Amino acid sequence: MFAVHLLSFYFSKLQEDQIKKVDRFLYAMRLSDEQLKDISARFMVEMEKGLSNESNATATVKMLPTHVRCTPDGSEKGEFLALDLGGSKFKVLQVRVREDGRGKVEMDSETYPVPAELRSGRGTEFFDHVAESLKDFLQKKNIMQKKKPLGLTFSFPCLQSTVDQGVLLSWSKNFKARGVQGTNVMESLRQAIQRAGVVDVDVLALVNDTVGAMMTCGYDDQRCEVGVIVGTGTNACYMEELRHIDLVEGDEGRMCINTEWGAFGDDGRLDDFITKFDREIDAASVNPGKQLFEKMVSGLYLGELVRLILLKMAKEGLLFGGGVSDALRTKGKLETRHICMMEEYKDGLRNTREVLVDLGLSPSDDDCLAVQHICTLVSFRSSNLCAATLAAILTRIRTNRKLKTLRITVGMDGTVYKTHPQYAKRLHKVVRRLVPDCHVRFLLSESGSGKGAAMVTAVAQRLAKQHAQMEATLEPFRLSPEQLGLVRDRMRASLEQGLKRESQDSASVKMLPSYVFKTPDGTERGKFLALDLGGTNFRVLVVKIRSGIRRSVRMYNKIYAIPQEIMQGTGEELFDHIVHCISDFLDYMGMKNTRLPLGFTFSFPCQQAGIDKGTLVSWTKGFKATDCEGYDVVEMLREAIKRRNEFDLDIVAVVNDTVGTMMTCAYEDSRCEVGLIAGTGSNVCYMEEMRNIQMVEGDEGQMCINTEWGGFGEDGCIDDIRTRFDGEVDKGSLNIGKQQFEKMTSGMYLGEIVRQILIDLTRRGLLFRGHVTETLKTRGIFETKFLSQIESDRLALLQVRSILQHLGLDSTCDDSIIVKEVCGAVSHRAAQLCGAGMAAVVEKIRENRGLATMDITVGVDGTLYKLHPHFSRVLQETVKALAPQCEVNFVLSEDGSGKGAALITAVARQSCQET
């Protein structure tokens, strides 16, 4: 009995001595909890760097957006193909997701080798091998003739701009195929598939293996929002709040981030934890100085790390009696699978002896115990390091969501995690110790990341179908250069038609003479009253014009509202309201007894028989006052002044707002001979040769023509570019069938076009979860100012969502993106159409004057042109493209058409005095 105890004591003492000997030699590999917390804190800093626009370029932990925004929602169905590529072998899979929902996933797969010569050869040969293997699989499964969407699990760092595009940043894990780094791997795969003759494959999704693992486990557990791989390589992904990802537009919702944590430490951040053995591993690798964290953790390096330690200890006489075999000197002879064998619970020591003997060594019992402990230290350090970085991710998720405790599932995959007998248990234990406020479930990805790629592909296919429907809806708004050329030519024909006596009555573009014969020359002077009526606001101004060397224009004005009941009441009520506003202004200015010459900017189509005579042709822009159309608006104003009987005014001129804008800008720039309004309404005026104006006597000189181009298309000439949404807007307007061009280009209607599109998309389930709210059904609720706000480059999607919520529309991040796209399509078309019309006008002026080229200035006013972030640029680009022989300069009218009315009045008075 004593002998048994003595023997037991001897072996215990032997084991203790061996463990102490190894611990002293590898003390740097033993990491305390404090050290692990330090590493975790360092990794959190690196994550922040990778997520920031300012520091991402220099960050080692790249934090790559995957453009995977959600896990499967159960509506996915169909058959999918997947390629799982990331090591010396790769899988081709066929994944069937049944229509009856979750848990009904069936898979067939086949494994193909990736020979070493292909891993380090030409990139085209590498992808050709993948494509030929895919072809072989399809032939074996007899599915060559059936079109299949495909997802690629590609376990290397890629910069993705979308879920189906990815540029390889760098190879890892002994891959170094030439000509691939810096290129789009998805395009390389598509080309290889085409070369192989596989025609019915639609490559839809690029997925990192960590994302594949997360999606695979997420299919069974919706709490799974982290994926970790510990195999040939190591990496992690997780669902990050979109507001923290500077590299992607948007700040609402989440997106999966591929951390690429294998590069942690490449900037020296882990130098105090890197041992001389790690440095030796790095120096002998295919990528020295890169993937340092991965070289301390992953299965590609653990076996080699143990071999280097054994070789060093043997040379120092600490193992094998100082003996070293050729095999022990040979790189790659000891693999990670050997570590797994040596650390088995029951047979570990026996396996250790067999492995060492196979290496040509003669180990003692003492040696076997030491080697087994070395394996334990190396693998334990690996799991500790993984635990530290995973703890950082879990802490970030918890603090992002402002939670005291977090319940979450981590999807795990990789040969080291799966096959090492103690790795998983060690990892779980340390993670839970480092983050006690996180309740973590670890879920093994049984089906591999290939299934995850298929799941991402299924989601991508669903989104692709939605995108195709969106594109089809918006396609009619995207006008080609040929279509815009036709609009220009048709507008030109309509301008000519409106100028001719025999066709003017039937012309849709009325080409109304303004009786303004010239622009200001700087000699104008005096004090004038001006009125400006063209929308829901009415402005009264006093304008003081000074001539000479120090010429100037000073203005005093007051703005008054025109209530809707007045806009759509009787003519008498409207003009009485106007006179009431004038009376208030004159009282305000102390000018009740002063009789000033007055210019009246009246922004509606009028047939003029003189500068102070204007018969209203038709109301536009929401006005519908009765007993006005067909009557002289100047006389109606005079009658209203008489009814008031408080003051008298000398009404010298009635002008359109476009003419006022042109005159305002012409006062500063003598080349300004065109006026454009792009606001509530849309219209243009320009200086036409008198010989071309058949409705007015005289052939000499020029006269400003108010085109009233808003009526363009009333004869059906642009029906081929009008959409069903334009038709809906027209049906709901006060003047059905009229002002067709204005209804496609002006601020009065653009928001309503957008609303009609949003209703259509919502009814088809593409927006707002298919729920058409009462707010969305309300005509006029979506104002054009919202287009300007939503399309602002400075406006993040969270603010877009805020605008939509203000309208009672509960939107997701994806909804906000779609709404922004719709607004862009509608406003872009409006600007292009205005540009095509303007090209027709300036080309006509150039040809009138027989010029090969022409410089001309356009004076512009209107809220759409001024406030929309892209309207003016698109309009100008369109004019340049469609009228290349004209150099057109656009000048913004800062003072409005009221100043123009005063200038016209001054010019008219001056002309009268001269005659």
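Now for a description of the structure that goes with this document. (Residues numbered from 1 in each chain as written. Predicted model: local features only at pLDDT ≥ 70, side-chain atom pairs only at ≥ 80, totals over all residues. Heavy atoms only, no water.)

Bringing the overall build of the chain into the picture now. The number of helices and strands found in the chain is 30 helices and 26 strands. Taking 915 residues into account, the globule formula puts the C-alpha radius of gyration at 29 Å, and the chain, at 39 Å, lies well above it. If you line up the chain on its principal axes, its C-alpha atoms span 135 × 60 × 50 Å. Within the chain, the proportion of its 915 residues that are buried is 59%. Counting contacts in the chain only where the partners sit at least 6 residues apart, residues at least 24 apart contribute 71% of the total. For the chain, the distance from the average site of its 117 positive side-chain charges to the average site of its 123 negative ones is 5 Å. (Helix = DSSP H or I, 4+ residues; strand = E, 2+ residues; numbered from the N terminus. Rg over C-alpha atoms; globule rule 2.2 N^0.38 Å. Buried < 20%, exposed > 50% of the residue type's maximum accessible area, 1.4 Å probe, protein only. Contact = heavy atoms within 4.5 Å. Lys, Arg positive; Asp, Glu negative; His and termini not counted. Charge placed at Lys NZ, Arg CZ, Asp CG, Glu CD.)

What follows covers the sheet that holds strand 21 (residues 650–655). An order of 17-16-15-18-21 is seen for the five strands of this open sheet, with the pairing classed as mixed. Both edges of this open sheet fall to strand 17 (552–561) and strand 21, since each of them pairs with a single strand only. Taking the axes of each pair of neighbouring strands and ignoring which way they run, one obtains an average angle of 20° across the sheet. The pairing of strand 18 (residues 597–602) with strand 21 spans five bridges and is classified as parallel. Bridge pairing links Gly599 to Ala653 in strand 21. Along the sheet face, helix 19 (residues 571–589) touches strand 15 (526–533), strand 16 (537–546), strand 17 and strand 18 and points at about 130° away from the line of strand 17. Sitting on the sheet, helix 20 (residues 633–644) is in contact with strand 15, strand 18 and strand 21, with an inclination near 145° to strand 21. (Pairing = 2+ DSSP bridges. Axes fitted to C-alpha atoms, helices over the stretch in contact; angles between N-to-C directions.)

With that settled, consider the packing of aromatic side chains. Tallied over the entire structure, the rule returns 26 aromatic pairs. The interplanar angle of 25° and the centroid separation of 6.2 Å between the aromatic rings of Phe477 and Phe725 together place this pair among those described as stacked. Of this pair, Phe477 sits in the loop between helix 16 (448–474) and helix 17 (481–499) while Phe725 sits in helix 22 (residues 724–731), and the two are 248 residues apart along the sequence. By relative accessible area, Phe477 is classed as buried at 1%. Clustering of aromatic rings is evident, with ring pairs tying together Phe126, Phe127, Phe154, Phe156, Trp171 and Phe175. The ring of Phe380 is capped by Arg426, whose NZ or CZ atom sits 4.8 Å from the centre of that ring. (Phe/Tyr/Trp six-rings, centres within 6.5 Å; stacked < 30°, edge-to-face > 60°. Lys NZ or Arg CZ within 6 Å of the ring centre and 35° of its normal.)

This part takes up the pairing of strand 24 (residues 702–706). Within strand 24, four of the five residues are buried, which leaves the element mostly enclosed by the surrounding structure. Note: strand 14 (residues 512–513) against strand 24, two bridges, orientation antiparallel. Along strand 24, the bridge assignment pairs Pro513 with Ile705. Bridge count between strand 23 (residues 682–689) and strand 24: five bridges; the pairing is antiparallel. Bridging across to strand 24, Cys685 finds its partner in Asn706.

Remember, this is a structural readout, not a statement about activity or role.
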